[in-house]
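Architecture at a glance
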Amino acid sequence: RRHRAGSDGMAHVGPLPPGGYSVELLLPQEEHLGDLGSVPHWPGARGPVVESTRQEFQVAAGKTNQVQLNMPPLVRVHGVVRRSGSPVAGIQVQIVKSSSNANAEAGPVMGAKSATTDANGEYSLPAVVPGDYELRWGKPTQLAMDRQKLALRSGDRQVQRDLRLTYGFHEMDAGLNLLPVLIGV
């Protein structure tokens, strides 16, 4: 079940049958997350789970429980995308959880939090939970994107990361063959 907290920060749920439960906070779903390709994204849909807030609890028959969840301070990631020193408009910038797999796909991730650069090459990714991420950027139709690791720590409120759009080749595993793919615009 999903419940929204009131102006007092409290959400009342129940009555619940006896048993074990878990509760977690969700980030609000943004009305527009940038270019998500052909994946529809509807306002009011479930937002991403804030993993660090998950708590398990037990409900006993006839008893009332109180569980306190605290939202960690969120971080705004922003910057300018440039190519040869000039700002570039229309570039998709995504932030995705870091993968321990060094050979993870370099392309866009469907449904990832994203922003598109404006006429000044500026992007902004608000409300990011602290953690280890990877920024990916390029034209929304690119198969491979530039990427860079980004560590957001609690206490960070705003992190500026200016990005450089590059040309080059990236090898992608396409089954049995490695295919060179041009990145950049």
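Reading the values: rules and limits
Residues numbered from 1 in each chain as written. Predicted model: local features only at pLDDT ≥ 70, side-chain atom pairs only at ≥ 80, totals over all residues. Heavy atoms only, no water. pLDDT = per-residue confidence, 0-100. Contact = heavy atoms within 4.5 Å. Phe/Tyr/Trp six-rings, centres within 6.5 Å; stacked < 30°, edge-to-face > 60°. Helix = DSSP H or I, 4+ residues; strand = E, 2+ residues; numbered from the N terminus. Buried < 20%, exposed > 50% of the residue type's maximum accessible area, 1.4 Å probe, protein only.

**Some thoughts on the confidence of the model for the protein**
Looking at the protein, the pLDDT average stands at 78 and 72% of residues meet or exceed 70. In the model, residues 31-45 has pLDDT below 50 throughout and makes 22 contacts with residues more than four positions away in sequence or in other chains. Predicted confidence for residues 179-185 stays below pLDDT 50, and this span has 31 contacts to residues more than four positions away or in other chains.

**Section: the packing of aromatic side chains**
Applying the stated criterion across every chain, the model contains one aromatic pair. A centroid spacing of 5.8 Å and a plane angle of 25° characterise the contact between Tyr21 and Phe57, whose relative ring orientation is stacked. With Tyr21 in strand 1 (residues 19-26) and Phe57 in strand 2 (residues 49-59), the pair connects residues that are 36 residues apart, well separated along the chain. Its relative accessible area of 19% is what places Phe57 among the buried residues.

**Examining unusual backbone geometry**
With an omega of 0°, the peptide bond between Gly14 and Pro15 qualifies as cis. You can see Pro15 is positioned in the segment before strand 1. The phi dihedral of Ser84 falls on the positive side, at around 55°, and the residue is not glycine. Structurally, the position occupied by Ser84 is in the loop between strand 3 (75-83) and strand 4 (86-87). For Ser84, a relative accessible area of 74% gives the class exposed.

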